[in-house]
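# Breakdown of the fold
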Amino acid sequence: MAEELIKTVQDMLKEETWTRAAIGNYTKEKIIELSSIVEKAREENCINELQEICEEQLSHSKDSIIALYISGIISLQKGTLDNTPLVTLVDIFQKNHKESVVEYLCTSILEDDPNNRFALRTLAEFYRADGNPKVWELYTQIVKVDFEEAELAKALADHYETEGDIENATEYYKKAILRYVTAGNINAVKETWTKLVQLIPQEIDFFQLVKRKIAKTLGEDKTAILLQELYAWYKDNKKWDIAISLLKEILAIDQKDIWARKELVDCYRGKYEKHSHLDDYIRSSNLSQNFRNVFEAINDFEKHIAFDVKSFVYHRAWGVGVIRKVENDNLIINFGSKVGIKEMSLKMAVSALTPLAKNHIWVLKAKNYVMVKGEKIELAKKVKEDKEWALKTVIKSFGNSCDFKKIKAELVPSILKDTEWTSWNTAAKKILESNSTFGVNPNDITQYIVREHEISIEEKLANEFKAQKAFFARIDILMKYMNREETDKTSELFAEMFNYFAAFVKTLDTADSTSKITEQIVASYLVVQYVTQRNKQLVNPSKVTFQSIYNKIENPREMYELLKDTKNTSLKADFLANVKMLPNWADEFILLFPTVLNGDMLKVLENTGHTDKIQKLASTCFENCRDYRYAVLYFFENCQKEEWFQNCGISYERQLITLVQIIELAYREISNHVNSTENKKISKKATDLLFENNTLLNYMFANDEQTVNRMYTLINDLADFDPSYKAQLRAKIMEKYPNFNFHITEEKVSQPKGMLVTAKMLEEKKNRLDQIQTVEIPANAKEISEARAQGDLKENAEYKAAKEHQHWLNEQATKLQAEINRAVIFDPTTITTAMVSFATIVTLTNEDTKAEETYTILGPWESDPDNNVVSYMAPFGNALMDKKVGEKASFTINDHKFNYTVKAIKALQL
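The notes below deal with the structure included here. It should be emphasised that the depicted structure is a prediction, and the values quoted were computed from it without experimental measurement.

## A word on the overall build of the chain
Across its full length, the chain carries 44 helices and 16 strands. For the chain, the C-alpha atoms occupy an extent of roughly 140 × 95 × 50 Å along the three principal directions. Relative to its full complement of 910 residues, the chain shows a buried share of 47%. Taking contacts inside the chain between residues at least 6 apart in sequence as the whole, the part at least 24 apart equals 57%. If you average the places of the 120 positive and of the 135 negative side-chain charges in the chain, the two averages end up 6 Å apart.

## What to know about the packing of aromatic side chains
What the rule picks out here adds up to 55 aromatic pairs. Taking the ring centre of Phe465 as reference, the NZ or CZ of Arg474 above it sits at 4.6 Å. Above the ring of Trp585, the side-chain terminus of Lys580 is found at 4.2 Å from the ring centroid.

## Structural notes on a negative patch on the surface
A cluster of like negative charges, contributed by Glu3, Glu4, Glu39, Glu43 and Glu44, occupies part of the molecular surface. Elements with a contribution of two residues or more to the negative patch: helix H1 (2-19) and helix H2 (28-43). Along the polypeptide, Glu4 turns up in helix H1.

## Quick look at the sheet that holds strand E1 (residues 312-315)
Pairing is antiparallel in the open sheet, where five strands are placed in the order E4-E3-E2-E1-E5. A strand with exactly one partner marks an edge of an open sheet, and here the two such strands are strand E4 (341-345) and strand E5 (354-356). Here the strands of the sheet are splayed against their neighbours by 40 degrees on average, with no regard to which way each runs. As paired strands, strand E3 (residues 330-334) and E4 are joined by five bridges and run antiparallel to one another. Within the sheet, the bridge partner assigned to Asn330 lies in E4 and is Ser345.

## Observations regarding the pattern of salt bridges
Under the counting rule described, the total for this entry stands at 46 salt bridges. Close ionic contact of Lys95 with Asp91 constitutes a salt bridge, the shortest N to O distance being 3.2 Å. Note that Lys95 and Asp91 are positioned in helix H5 (residues 84-95) at a spacing of four residues, about one turn of the helix. The closest approach of N and O atoms between Glu776 and Arg768, which form a salt bridge, is 2.6 Å. For Arg768, a relative accessible area of 32% puts it in the partly exposed group. Salt bridges linked by common partners bring Arg117, Arg121, Asp146 and Glu149 together as one network.

## A look at the packing of helix H26 (residues 471-483) against helix H27 (residues 492-510)
One can describe the packing of H26 onto H27 by two numbers: an axis separation of 10 Å at closest approach and a directional angle of 135 degrees. Between H26 and H27, the angle is such that the two are oblique. For the pair H26 and H27, the sense of crossing is left-handed. From H26, Phe471, Arg474, Ile475, Ile477, Leu478, Tyr481 and Met482 reach across to H27, where they touch Phe494, Met497, Phe498, Tyr500, Phe501 and Phe504. Of the residues assigned to the contact of H26 with H27, the class counts are 12 nonpolar, no polar and one charged.

Thresholds applied
Residues numbered from 1 in each chain as written. Predicted model: local features only at pLDDT ≥ 70, side-chain atom pairs only at ≥ 80, totals over all residues. Heavy atoms only, no water. Helix = DSSP H or I, 4+ residues; strand = E, 2+ residues; numbered from the N terminus. Buried < 20%, exposed > 50% of the residue type's maximum accessible area, 1.4 Å probe, protein only. Contact = heavy atoms within 4.5 Å. Lys, Arg positive; Asp, Glu negative; His and termini not counted. Charge placed at Lys NZ, Arg CZ, Asp CG, Glu CD. Phe/Tyr/Trp six-rings, centres within 6.5 Å; stacked < 30°, edge-to-face > 60°. Lys NZ or Arg CZ within 6 Å of the ring centre and 35° of its normal. Patch = residues over 30% accessible without salt bridge, like charges linked within 9 Å, V, L, I, M, F, W, Y side chains within 5 Å. Areas by Shrake-Rupley, 256 points an atom, 1.4 Å probe, with all protein chains shown as cover. Salt bridge = Lys/Arg side-chain N within 4 Å of Asp/Glu carboxyl O. Pairing = 2+ DSSP bridges. Axes fitted to C-alpha atoms, helices over the stretch in contact; angles between N-to-C directions. Parallel < 35°, antiparallel > 145°, perpendicular 65-115°, else oblique. Left-handed = near helix turned anticlockwise from the far one by under 90°. Nonpolar A, V, L, I, M, F, W, Y, C, P; charged D, E, K, R; others polar.

Listed below in structure tokens is the structure:
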């Protein structure tokens, strides 16, 4: 059947060549016939052969209608990007005015590829010329698939506005202006800006977004005239703050703009029309005089205008106050019952006071209530119940730019308790992420802002993307946009984010063999791959394959670690999925496993017949544990029950010894200050594997005493190992083998340099030092500041007392730090009862009175003479050190003679 179909096509091609069939002979029905041939070829599974025949025909007869159609449609259905045969075919029919055929061809193409730009544009032009209203559907699709198409976006906007659909008109005007900016068409930008000012003047954030893009693409000077047009609406509607802000932006572009300066004065007059000293401050600041720097004049004016009756102010020592009276150049300010009434000159107020808005969080905290519909509500109650209001209040209090650290500082502990913060914080962050009235500072992703109006989720995420400077955090934002159902994937805002990563991928096309492959390039490739597979309107800008990229990666393990997963991304998994598609994937999985440590990789290797490679890898890791520490830990913990691991030839004792070696390596590197944090993690993990569930003990006691001795010696030889584990091991061994020889010497114990302390007491001393440094000293500094603010330091008793306390605290901190620096933690496993030593309880017979006396020997920190706990460094304790049972101890302290005989020595339980 397939042979017959192929022969039929061959005969049709021959006939077409011999008869030189005129174009007029090809009707829509003829094309439908060719379409059915392609469908039959698909059913007969001879598509490739048919395409080869047609391409051969085109090599010597480039205008063959049959070959062009069959070859083009097959390529289209295969997803090939080259549309050349179909483009040529449609062009032939257009030139010969075969409109019905052109329409059919384009419609057929779009059935297989709805985003085919050539077919969309050709059919749209046909419908436009014919006056067919379907043209608007095609324009809509073109604008979706072509992110550079601005003219049709503008045409759609005009169309919807004519139809009275303002919402859709606005959407397409927005698309158009952003695309015009990208294209550098300033005249079209101006025209569309004017239209948007008429439709949505209140969406100030969108206009600011466009303004930033214009400044970046066309130059900041081009934005001034546009801002003037927007400013006019805000002035006419008496929205003074935004109007003033826009004028400041215009003046930042040209400080000598006389029109803007005059308008600024008019806006200030409108905003402060009820201020008693408005004209005085305009005059004294020279705000309307062109000879003075405009921003110096603005700063001067705004400082003075803030001080009026009923205005709130803040003084760093006196707190929040309210201005009660303004007389000439003097202010009468009430700072509350604690501080009282203060009088201050206006000149001093400008430098000493900070003006506060009536809804500033400091003002509200001073009042401790808010007014809601005429009712007083406790501030803490309002903050807990209305988190959105609380966030807006704090953020606006600090120039509408505030990070979460500042938000917490304002709320905890003055309003919220520490225990209440965690749940409040979690809920607040969800609001900041989901509520479009909140945004981020375009220049600092950590700073939150409050908008006048909500914006679309697309604009919110695009703004976050621009503000974010960290590469992998930007990927997270793009993926957040990609994975949310409600976001417009055809938006130019999305395309702009996508193009940021596409630019990295494009560099691969021009890179030579020596070009370094960075984690940004690999991550960008994975991102572009992910997006284009799910969004057919976007195209991968490079034809470079993952294999060619991977072959250039110097260190695949390091590359894997450099790729950062986030809440919305799984770059590491995508990287491994691409590696799995390589011809030599098994070898690469073996190479990567010691870094990836993913059990699924081992399963895949085992299930595909690569068990020998896994076993070889495990053996290599245990033989060279220095380089494969994490892999050894993984194999020991997760693979004990795997048959392939049991047949590796690595004995269980060898595995345990390797864990001990890893601990030893880790401590050695820690002492040499090499990767200390990482080595501490490794040491802890290896220790847990040995001691949790009594893994080491179970093996030791399942074997003979010689094994116990061998394994104990390995642990005991770890110089820096946690002594509690050694003590645990010794105790268990003593239970099973009471006469076990631990090789404790009875020679005189040489004390280490420094001061012996117990671990518990060292922790207490460190906590005390931390309390002094982080709590008591700062509190004392505040006391000194408050006392100083009262003036007359000579007669100020509170100030003197605070300074004396400061001196005492500093002395205590210095002394504690010095002692901590000298401290050496005592190893409980080294306790010996062969002689009097640290951490022993000694019973003495007083030879003068024949009475028995018992003393505990510890260090200076633990010393408690009232309870017979003496320091080994004190004269009494030092005289007893190293004495054995039966030995006499005679010594004199402060003219008092002591005569003792050591009766018994036992170990202190630490």
